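# A structural walkthrough
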Amino acid sequence: MSYDADVIVIGAGLAGLAATAELVDAGRKVILLDQEPEQSIGGQAHWSFGGLFFVDSPEQRRLRIKDSHALALQDWMGTAAFDREEDHWPRKWAEAYVDFAAGEKRSWLYRQGVRFFPVVGWAERGGYDANGHGNSVPRFHITWGTGPGLVAPFERRVREGVARGLVQLRFRHRVTGLSRSAGAVDTVTGEILEASAIERGQASSRSVTGAFELKAQAVIVTSGGIGGNHDLVRANWPERLGNPPEKMISGVPAHVDGKMLAIAEETGAHLINRDRMWHYTEGIQNWNPIWENHGIRVLPGPSSLWLDARGKRLPVPLFPGFDTLGTLEHIMKTGYDYTWFVLDQKIIGKEFALSGSEQNPDLTGKSIKDVFIRARADVPGPVKAFMDQGVDFVVEKDLGSLVRGMNALTKEPLIDEAELRREIVSRDREVANPFTKDLQIMAIRGARNYLGDKLIRTAAPHRILDPKAGPLIAVRLNILTRKTLGGLETDLSSRVLTEGGDPLEGVYAAGEAAGFGGGGVHGYRSLEGTFLGGCLFSGRTAGRAAAKATA
Ligand SMILES: Cc1cc2nc3c(=O)[nH]c(=O)nc-3n(C[C@H](O)[C@H](O)[C@H](O)COP(=O)(O)OP(=O)(O)OC[C@H]3O[C@@H](n4cnc5c(N)ncnc54)[C@H](O)[C@@H]3O)c2cc1C
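Scoring rules and cut-offs
- Every chain's residues receive numbers from 1 upward, in the order its sequence appears when written.
- At least 70 in pLDDT is required for a residue's local features to be given in this predicted model, at least 80 for side-chain atom pairs to be given and counted, and no such filter applies to totals for whole chains, interfaces and linings, which use all residues.
- By convention in this description, side-chain values take in all heavy atoms of the structure and omit both hydrogens and water.
- Secondary structure elements are defined from DSSP: runs of H or I of at least 4 residues count as helices, runs of E of at least 2 residues count as strands, and each element is numbered from the N terminus.
- An expected span of 1.5 Å times one less than the residue number is assigned to each helix.
- Burial here depends on accessible area, computed with a 1.4 Å probe over protein chains only, as a share of the maximum for the residue type. Under 20% is buried, over 50% is exposed, and the range in between is partly exposed.
- Our arc is simply the arc of the directions from the helix axis toward the C-beta atoms.
- Simply put, an axis is a line fit to the C-alpha atoms, just over the touching stretch for a helix, and the angle between two N-to-C directions goes from 0 to 180 degrees.
- Each angle receives one of four descriptions, namely roughly parallel if under 35 degrees, roughly antiparallel if over 145, roughly perpendicular if within 65 to 115, and oblique otherwise.
- Less than a right angle of anticlockwise turn of the near helix away from the far helix marks a crossing as left-handed, whereas a clockwise turn marks it as right-handed.
- In this analysis, two residues are considered to be in contact whenever any of their non-hydrogen atoms come within 4.5 Å of each other.
- Any pair of N or O atoms that falls within 3.5 Å is considered a polar contact. Within protein, one atom must be able to donate a hydrogen and the other to accept it, and sequence-neighbouring residues count only if both atoms are side-chain atoms.
- Per the annotation, domain bounds derive from an automatic or database assignment of domains.
- Note on terms: buried area is the combined drop in 1.4 Å-probe accessible area of two parts once they are placed together, counting the loss on both.
- Salt bridge, as used here, is a side-chain nitrogen of Lys or Arg placed within 4 Å of a carboxyl oxygen of Asp or Glu.
- Each residue gets one of three labels, nonpolar for Ala, Val, Leu, Ile, Met, Phe, Trp, Tyr, Cys and Pro, charged for Asp, Glu, Lys and Arg, and polar for the others, Gly among them.
- What makes two strands pair is DSSP finding at least two bridges between them.

So, about helix α15 (residues 417-431). For α15, with 15 residues, the first-to-last C-alpha span of 21 Å sits near the 21 Å given by 1.5 Å per residue. Of all the residues in α15, the buried ones are L420, E423, I424, R427, D428, E430 and V431. Mapping the buried residues of α15 onto a view down its axis gives an arc of 155°, with all of them on the same face. Along α15, exposed side chains directed more than 90 degrees from the buried face belong to A418 and R429.

Now the structure itself:
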C-alpha cells in the first residue's frame, strides 16, 4: 500500500495544530487539511480570549489564592455531574485533564514562549454547595496576547514542519468521507473548494472546483463542534433546557458547522453526549461583525442586576458569572429568549470584559501601556463602542427614559417602570445595610475580598440609582451559541471508539470534535478556560498516539 502521508489531520484549528506539531516532533509525514483558506488558520482559537484553567499556578499564589489538585478535582466533578454509562471515558479524561492543569500544562506552554496576564479571573463562581457547580477559587488565566498568543507557538511548530518537508498544508480541502481500503480507516476523500480571499473569520464560498482522495496510516479528526450550525444546535437541544431559543446569535464563525461529526459517525465512530452544549446567556450583537449574526459574550463581574424579560430579578444564585447553564435553563422556562442587565456606568467600566481577541486590543497586542490606559479609563474603549453603537444597549440619565428605551427594543413592552424601580430601590437599600439578606450583595462583598476582583473586576458596592454612578444602562442579553461539550468517544490515547467500545482502527480525534477528550470531558458544565487547554491536551495526546502507531 502506498500512502500520501503517515497521518492526515482534518482541521487546522488549535487541536489540529497541536496534534500536527507533535507528529512533526516525532518525524512523521503529515497532511493537514482544512476547508477554510490559509488566512483562517488556528480556527476559533484565534478569536478566543485565551483564558486557561490552571491549578495552583504562580499567578494564583502571588494573589494569595490557595488552590490544589484535590480542590480542582472536586470542582470539576461537581460541575461535570457525570451520570451516564457513556461517561466512562469522559470521566477518565476529566481526571487526566485536572492532572495536566495542576501539573505540566503551564510549564509546557511557558517553555514554548506563552506568558500570562498576572491577574487571575474568577469565572463560573457556582453559588451552590461545596460539591456543586463552580470554581471555589479564581483559575481563569488570560494568555498574554489572547488567542493569537496561544496559537502562535503551535502554528510556528507546524510551519517548521512544512520547512522540513514533513507537513503539507492543504487549505480549501473539505473532507466529505472516510473509508477503509483494508482493515483500518486509511482513506480521506473530499472536495476542493474555490480559492477564497475573504478576511479571516468570514464565511468562505462552498463552490467546488475538484475532488481529492488521500491515503495515510492514521487519520486525526480535529474539525471542531457544531456552534456555528444553528440547525444542528436546535436538533440536539436537550429537553432539560426547554425549547431551543427562537433567536440565537453566533459566538463562533460559520466553519464550526459540525458536518464532519456525521461523516465520522457514518464510518463507525461513536458520537456521545450530543445533547451537552455550552452556550452563553450574556450575548450581545456585535456592532462591527466579522461573521454573520456575530455575537460577543460579556464576561460579567457580579454587580449588574439580572432581570428576566418581564423585569423580575433572576433567582439566587443566578448572578452574573455564576452558573451559565443554570441561567440558560431558567431563561428558557420564562418563555422568552432574552434577559436584561440593568447597571450603571461605574459598574460597566469595571465589570464588562468582552470575550474575543479583537475586543481586547491591549492584551492581544501585548501592550502594557494600553492595559494601564484601560485600567484608568471610566469605560474601556471597546465597551464604550458597544454603549454608543450596540443595538442591545440603552443608556439614559433617568429610569423612566431607560424603561422606555428597553421597551422600544422588544416585541412587547414588558418592563413596568414602577416594578423595576421597586427592584432597584430595594436592592440599593441593601447596599447600605452591613448585614443584608440579599445574596448578590453578599457575593459582591465576597468578590472584593479577592484582590484581583477588587482591583479590576468588581465595582465598589454602591446604589445603582446614585446619579454619581450614572448614566443608567440596560443591556439586552441574547443566547449566544459557542461550544459543543459532547463529541466522538475516545479512549485515553485519543483513539476513536465504535459503539461497541472497540477502537475504530486508524482514527483519532481531539479538540471540540472529541468533546475536548473522551466525548465529553466537561460533563454537563464547564469551569471555563478549559476548552483551549482541552484542545491542547487532547491534540497533543492524539498526535503522540498516532506517531507511535505509525512508527
Ligand atoms: C470568541 C471566542 C472566545 C473563546 N474564548 C475561550 C477562552 O477564553 N478559553 C477557552 O478555553 N476557550 C475559548 N473559546 C473556545 C475555543 O477557542 C474553542 O473551543 C477551540 O479553539 C476549538 O478548537 P478546535 O481545534 O477543536 O476547533 P476549531 O477551532 O473549530 O477548528 C476546526 C477546524 O476544522 C475545519 N473543518 C471542519 N470541518 C472540516 C471538514 N469537513 N474538512 C476540512 N476541514 C474542516 C474548520 O474549518 C476549522 O478550521 C473561545 C471561542 C471563541 C469563538
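That was the structure; now back to the text.
It is worth spelling out the packing of helix α1 (residues 14-25) against helix α6 (residues 146-163) at this point. Where α1 meets α6, the axes come as close as 8 Å, and the angle between the chain directions of the two elements is 45°. By the angle class used here, α1 and α6 are oblique. Both α1 and α6 take part in a crossing whose hand is left-handed. Residues L14, L17, A18, T20, A21, E22, V24 and D25 of α1 form the contact with α6, whose own contacting residues are L150, V151, F154, E155, R157, V158 and G161.

Turning next to the environment of N229. Checked against the element boundaries, N229 lands in the loop between β8 (208-221) and α7 (230-235). Given the relative accessible area of 15%, N229 is considered buried. It is 7.1 Å that separates the C-alpha atoms of N229 and A254, two residues lying 25 residues apart in sequence. Polar contacts involving the side chain of N229 include one to the main-chain carbonyl oxygen of D257, which spans 2.9 Å.

Another point: the domain arrangement of the protein chain. Split into domains, the protein chain comes out as domain 1 (5-223 + 258-271 + 485-549) and domain 2 (278-480). Taking only C-alpha atoms into account, the centre of domain 1 sits 32 Å from that of domain 2. At the junction of the two partners, domain 1 supplies 34 residues and domain 2 supplies 33 residues. Between domain 1 and domain 2, roughly 2,700 Å² of surface is buried when both sides are summed, and carbon and sulfur atoms account for 64% of that area. Along the contact surface separating domain 1 from domain 2 lie three salt bridges. The salt bridge involving R525 is made with D323; its shortest N-O contact spans 3.0 Å. Counting the contacts that link domain 1 with domain 2 gives 16 residue pairs in polar contact (both at pLDDT 80 or more). Of all the secondary-structure elements, those providing two or more residues to the side of domain 1 that touches domain 2 are β4 (140-142) and α6. If you tally residues by element for the side of domain 1 that touches domain 2, the top one is α6, at three residues. Considered class by class, the residues forming the side of domain 1 that touches domain 2 number 18 nonpolar, eleven polar and five charged.

A regular strand carries its side chains on alternate faces of the sheet. Counting buried positions along strand β17 (residues 472-484) yields 13 of 13 residues, so the element is predominantly enclosed. In the sheet, strand β9 (residues 248-250) pairs with β17 via three bridges, with the strands oriented parallel. The residue of β17 that forms the bridge with M248 is I479. Taken together, the four bridges between strand β11 (residues 277-285) and β17 define a ladder with antiparallel strand orientation. In the sheet register, G283 faces β17, and the bridge partner there is N478. Note: strand β14 (residues 338-344) against β17, seven bridges, orientation antiparallel.

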